[in-house]
Amino acid sequence: MNRTGITLNNFFPLRALVLLATLASLAAFAAGCPSGSDSTSTDSSSTSTSGTSDNGSASGSTDSSATDTSATDTASAGSVGQISGAGATFPYPVYSKWADSYQKETGIGLNYQSIGSGGGIKQIQAKTVTFGATDAPLSGEELAESGLVQWPMVMGGIVPVINLEGIEAGQLTLDGSTLADIFMGKVTMWNDPAIAALNEGVSLPETSINVVTRSDGSGTTYNFTYYLAEVSEAWKTGIGVDKAVEWPVGIGAKGNEGVAQNVAGAKNSIGYVEYAYAKQNNMTHCNMINQAGKTVSPDADAFAAAAASADWNSVPGYGVILANQPGDATWPMTAATFILMYKTPEDDASSTEALKFFKWAFEYGSEEALGLDYIPMPASVVESVEAMWSSEIKGEDGQPLV
Amino acid sequence: MSGTMLNVGLDAAQLTEQRSKVLRGFARGDRAFSLTTLIACWTVVIILTGVMVALFRGALPAFQAFGWEFFISQRWSPPKEIFGGLPAIYGTLISSLIAMAIAMPIGLGIAIFLTETCPMALRKPIGIAVELLAGVPSIIYGIWGLFIFAPFLAEHVNPSLVKFFAPIPLLNALFANGSYGTNVLTASLILSIMIIPFISSVSRDVFETVPAVLKEAAYGLGCTTWEVVRKVVIPHTRVGVIGGGMLALGRALGETMAVTFVIGNAHRINPSFLDPGTTISATIANEFTEADPGLYSSTLFALGFILFVITFIVLAAARLMLMRIERRLGN
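Residues numbered from 1 in each chain as written. Chains lettered and ligands numbered in written order. Predicted model: local features only at pLDDT ≥ 70, side-chain atom pairs only at ≥ 80, totals over all residues. Heavy atoms only, no water.

## Some remarks on the interface of chain A and chain B
By convention, interface size is frequently given as the accessible area that disappears when the constituent parts associate. Contact residues are listed per partner, giving 55 residues for chain A and 51 residues for chain B. Taken over both partners, the interface formed by chain A and chain B buries close to 4,200 Å², and the fraction arising from carbon and sulfur atoms is 58%. On inspection of chain A and its partner chain B, the count reaches 2 salt bridges. Residues Glu155(B) and Lys267(A) are paired through a salt bridge, measuring 3.4 Å at the closest nitrogen-oxygen approach. Across the chain A-chain B interface, the total number found is 16 residue pairs in polar contact (both at pLDDT 80 or more). Elements with a contribution of two residues or more to the side of chain A that touches chain B: α1 (2-37), α5 (117-125), β6 (210-214), α10 (233-238), β7 (251-253) and α11 (255-265) of chain A. With 15 residues, α1(A) is the largest single contributor of residues to the side of chain A that touches chain B. (Contact = heavy atoms within 4.5 Å. Buried area = accessible area lost by both parts, 1.4 Å probe. Salt bridge = Lys/Arg side-chain N within 4 Å of Asp/Glu carboxyl O. Polar contact = N/O pair within 3.5 Å; in protein donor to acceptor, adjacent residues only side chain to side chain. Helix = DSSP H or I, 4+ residues; strand = E, 2+ residues; numbered from the N terminus.)

## Regarding the packing of aromatic side chains
Within the structure shown, the criterion is met by 40 aromatic pairs over all chains. Look at Tyr222(A) and Tyr226(A): their rings are 6.3 Å apart centre to centre, the planes differ by 35 degrees, and that puts the pair in the tilted class. Remark: Tyr226(A) and Tyr222(A) occur in helix α9 (residues 219-231); sequence separation between them is 4 residues, near one turn of the helix. Judged by centre distance (4.8 Å) and plane angle (15 degrees), the rings of Trp144(B) and Phe149(B) are stacked. The class of Phe149(B) is buried, set by a relative accessible area of 14%. Here the guanidinium or amino end of Lys127(A) rests over the ring plane of Tyr342(A), the centre of that ring lying 5.0 Å away. (Phe/Tyr/Trp six-rings, centres within 6.5 Å; stacked < 30°, edge-to-face > 60°. Buried < 20%, exposed > 50% of the residue type's maximum accessible area, 1.4 Å probe, protein only. Lys NZ or Arg CZ within 6 Å of the ring centre and 35° of its normal.)

## So, the environment of Gly238(A)
Residues and elements named next belong to chain A. Within the secondary structure layout, Gly238 lies in helix α10. A residue is classified by how much of its surface remains accessible, and Gly238, at 32% relative accessible area, is partly exposed. When the C-alpha atoms of Gly238 and Leu174 are compared, they prove to be 21 Å apart, with 64 residues separating the residues in sequence.

## What to know about helix α7 (residues 176-184) of chain A
Residue and element names in this part refer to chain A. Buried residues dominate α7, accounting for 7 of its 9 residues. The complete set of buried residues in α7 reads Gly176, Thr178, Leu179, Ala180, Ile182, Phe183 and Met184. Where α7 ends, the next residue or the one after it, Gly185, has phi of about 80 degrees, a positive value.

## Considering the pattern of salt bridges
Side-chain pairs of opposite charge can arise where the charged atoms are in close proximity. In the structure shown here, the tally under the stated rule is 12 salt bridges over all chains. One continuous salt-bridge network, built from bridges that share partners, spans Glu131(B), Arg204(B) and Asp205(B).

## What to know about the pairing of strand β8 (residues 269-274) of chain A
Residue and element names in this part refer to chain A. Most of β8 is tucked away: 6 of the 6 residues are buried. Of the pairings in the sheet, the one linking strand β4 (residues 148-163) to β8 comprises 6 bridges and is antiparallel in character. Counted as the bridge partner of Val159 is Val273 from β8. As paired strands, β6 and β8 are joined by 2 bridges and run parallel to one another. Note on β8: the bridge partner recorded for Val211 is Ile270. (Pairing = 2+ DSSP bridges.)

## As for the nonpolar core
Core analysis: the biggest nonpolar cluster contains 97 residues, and Trp98(A), Trp151(A), Leu179(A), Phe183(A), Ile270(A), Trp312(A) and Phe358(A) have the highest contact counts within it. Per element, the largest residue contribution to this core is 9 residues, and it comes from β4(A). Split by domain, this core shows at least three residues from each of two domains, domain 1 (8-23 + 46-156 + 333-392) and domain 2 (158-307) of chain A. Not counting the four nearest positions on each side in its chain, Phe358(A) is found in contact with Phe131(A), Trp151(A), Met153(A), Ile339(A), Met341(A) and Trp389(A). Ranked by size, the runner-up nonpolar core spans 60 residues in total, among them Ala59(B), Ala103(B), Ala291(B) and Tyr296(B). (Core = buried A, V, L, I, M, F, W, Y, C linked by side-chain atoms within 4.5 Å. Domains from an automatic or database assignment.)

## Things to note about the sheet that holds strand β11 (residues 295-296) of chain A
All names here are of chain A. In spatial order, the strands read β5-β10-β11; together these 3 strands make up an open sheet with mixed pairing. The open sheet has two edge strands with one neighbour each: β5 (173-175) and β11. Summarising the sheet, β5 and strand β10 (residues 287-289) pair through 3 bridges and their orientation is parallel. Counted as the bridge partner of Thr173 is Asn287 from β10. On the sheet, α7 packs against β5 and β10 and is oriented at approximately 90 degrees with respect to β5. (Axes fitted to C-alpha atoms, helices over the stretch in contact; angles between N-to-C directions.)

## Some details on the environment of Met283(A)
All names here are of chain A. Mapped onto the elements of the fold, Met283 is located in the loop between α12 (275-280) and β9 (284-285). Sequence-wise, Met283 and Glu168 are 115 residues apart; in three dimensions their C-alpha atoms are separated by 9.2 Å. Setting aside residues up to four positions removed in sequence, Met283 forms contacts with Val161, Ala169, Ala260, Val263 and Ala278.

## Some words on the domain arrangement of chain A
Residues and elements named next belong to chain A. If you check the domain split of chain A, you get domain 1 (8-23 + 46-156 + 333-392) and domain 2 (158-307). Of the residues lining the interface, 15 residues belong to domain 1; the matching set on domain 2 comes to 21 residues. For the domain 1 face of the interface with domain 2, the top three residues by lost area are Met333, Asp373 and Ile375, together amounting to 44%. Counting the contacts that link domain 1 with domain 2 gives 1 salt bridge. Across the salt bridge formed by Asp373 and Lys279, the nearest N and O atoms sit 2.9 Å from each other. Joining domain 1 to domain 2, the criterion identifies 3 residue pairs in polar contact (both at pLDDT 80 or more). For the side of domain 1 that touches domain 2, the secondary structure elements donating two or more residues are β4 and β12 (334-342).

In C-alpha cells, the structure reads:
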C-alpha cells in the first residue's frame, strides 16, 4: 500500500511536469507575441493600453454615459471633475499652479503627469489622457497623421549657467558660435581667445572648461541644440538636434536639478538649465549676444521679445522654435511648450473641460506664470489659438466644443 | 469457527478498504501540495521566459540594423540614429569589477571581525547595523553621492590621486583628468558601499556554520586567528562566500539609480577611471522616457537584453565555478 502511494507520487509530478511545460511555453509565447507584433511602438505599457482604447471608439459603451450628459448639457461639469494630461516636465510647475487655482474657482481638478515630452506624445497617441504636452513641437505631417491639433501654451528661456571663481551673474558674455564650440569641445580653456574677445576686462582663469549636459532625453536639450545648430554649421552637421544628442565632451546629469548640482559642485564648469530654475536657485548665468548682435540678459522682457518677433503662423500647429529670433532685445534661447489634443476627441465632455481650463489659463493665468518666471503667450497668439479651437476641435455632433 | 473466520475476513477486508481510503486521501493531499509548489516554480519560469522573449523581440530591430557593430561601436547619436552599445557595456562591467575589488576584502573583513575577533557584546548591534545598510534604498546613496560624496572627491581626493599616479606609467592613464566629481570611480565607490552589506552578512552567516570543534582544534594546535580564518574557516565556507559575492555582483551590475546620479552619463570610453562613463541600466533609465518609438527605443531594449545576458552569464559562471570546486573537493 505504502509502495503504491510512493509510485503514485513519483508518477504524478512527471506527468504534471510535461503538461505544465507545454502550458508554460504556450503562455510564454502568448506573453511575447503582442509586444512583438506591434513593432513600431516598443513601449510595452502604452502598447497594451493603445490596443484596448483603439477598440474603445468602436465599442464606446463605457464612455457613452459621459458623452450623453455632455451632449444634452455641456455646462454640467460636475460629471467630469478631473482633466487628465501628461507630458513635458518643463511647464509642470506652472500647470500645477494653474490647476490649483482653477480647482479653487471651479472645483474641477487637473491631473498632470510630468513624464517628459516623449511620454506625453505616446500617451496622447494611446488616448489614455485628454491632452498631451511637449516641448518639441510635432510637425504638420505628424499632426495630420494622428489627427491632433497643437498650440503653444506658455514660454520660457534656456540659460547657460557657469561656476567660475570671481565671476558673477551676467559678467560673462558669450555668443552662439562660442557656446557651440564649448559644448563641442573645440574651446576647452576659459581663457580661450574666443571667450576673451567677447569679455574684455574680465579676468578669465587659465583652467579647462568642465561641460555639464542633460543625460536624460529632454525638451530643454532639444531647444538648446536647435539654437546651437542655428548658429553653428559644424553643430548642425556634426551633432544635430534632438532631445538627446551625442555630446563630444562633458558629463551628463539627470534633470535641471542634476545639471544645476553638477555645475555648483564642479569648479570651472558650464551647463544649461531652464531660466526659472537658474533664477530660483540664484545660479550664475551668462549673457548672450543675439541675432541682432546685441548683448542681452535673460529676463521676462527678452523672452517676450522673442515671441513677439516670431511668425507664429509660418509653421503648422504653431510649431515655431523661438531659437535665434530677430529683434534687438530678443533672448536667443527662448522656447515655447506645446499642448496636443485630438480634433475629434473620443470623450467630448472631458475635452471640453480641458479646453475651458486652457481658455481660463490664457485669460487669468498670466500673473501666476510670470510669478514662476514663465512667459505668457502674446495676445495675438492667444486669439489665433482660440479661433483655431472653435474651427478645428469638434465633438461627435460636428459642433465645436468651445 | 467458520463464522469467526468470516468475521475476521470481513474485518480484514474492511480494514484494508479503510486503510486504502486514508492512504488515497494522503496521496491526493500530497498531489495537491506538489502541484501547488510546481505551479509556484513554473510561475517564475513563465515570467522569466516572457520577459526574455519580450526583450528580445523589442531588441530585434536594433540588432538587425546594427548587427555585431552594436557591440563594438562607441557612437551614440540619437539625432542620426547611430547607436553603439560598447560604452554602456564597458561601463557596466568596469564599474562592477572595481566595486567588487573594493567591497570583497572589506565585506570579508567585516564578517571575520564579527565572527572571530569582535567582543561578544558588540556582535549583535554591529551585525544589525550592517544589515540595516543593506536595506538603504539606492536612491538615497545616489543623492548622497551627488550632493556630498562627488564634490568631496573632486575637491580633496581626485587631485591627489592624479598627482600620486602621474609618474607611474600605465596607472597615470587610469587616473588622469579628475576635474569631474561624477565619474566611473565615484560610481564604483558608491556601488561598493552598496554591496558591502551583502557580502558581509552572507559571509558572516556562513562563517557561523563552521563547527566550533574545528576552530578550537586549530587554535589548540597553536594556530593564530589569521591561520584559523585562512586554513579552516574560509575553506569550509568557500561556496557560501562565493555565493554572497555573486549576489553582490548581480546587484552591482543592475544597479540603476545611484549609478545614474554619479557616473557622469557620457557615452564614451575613457581610459581614465576619473572620467565620466555610463552603464546599461543608467542609459536606459536616462533615455527611455524621451526615446522615440522605433530604432532608438529598440536600442534601449537591446541594451536591456544584453544586461540580462551578462547577468545570466555571471550567475552561470558562478555555478560552474562552484561545481568545479565541489568536484575537486570530492576527489
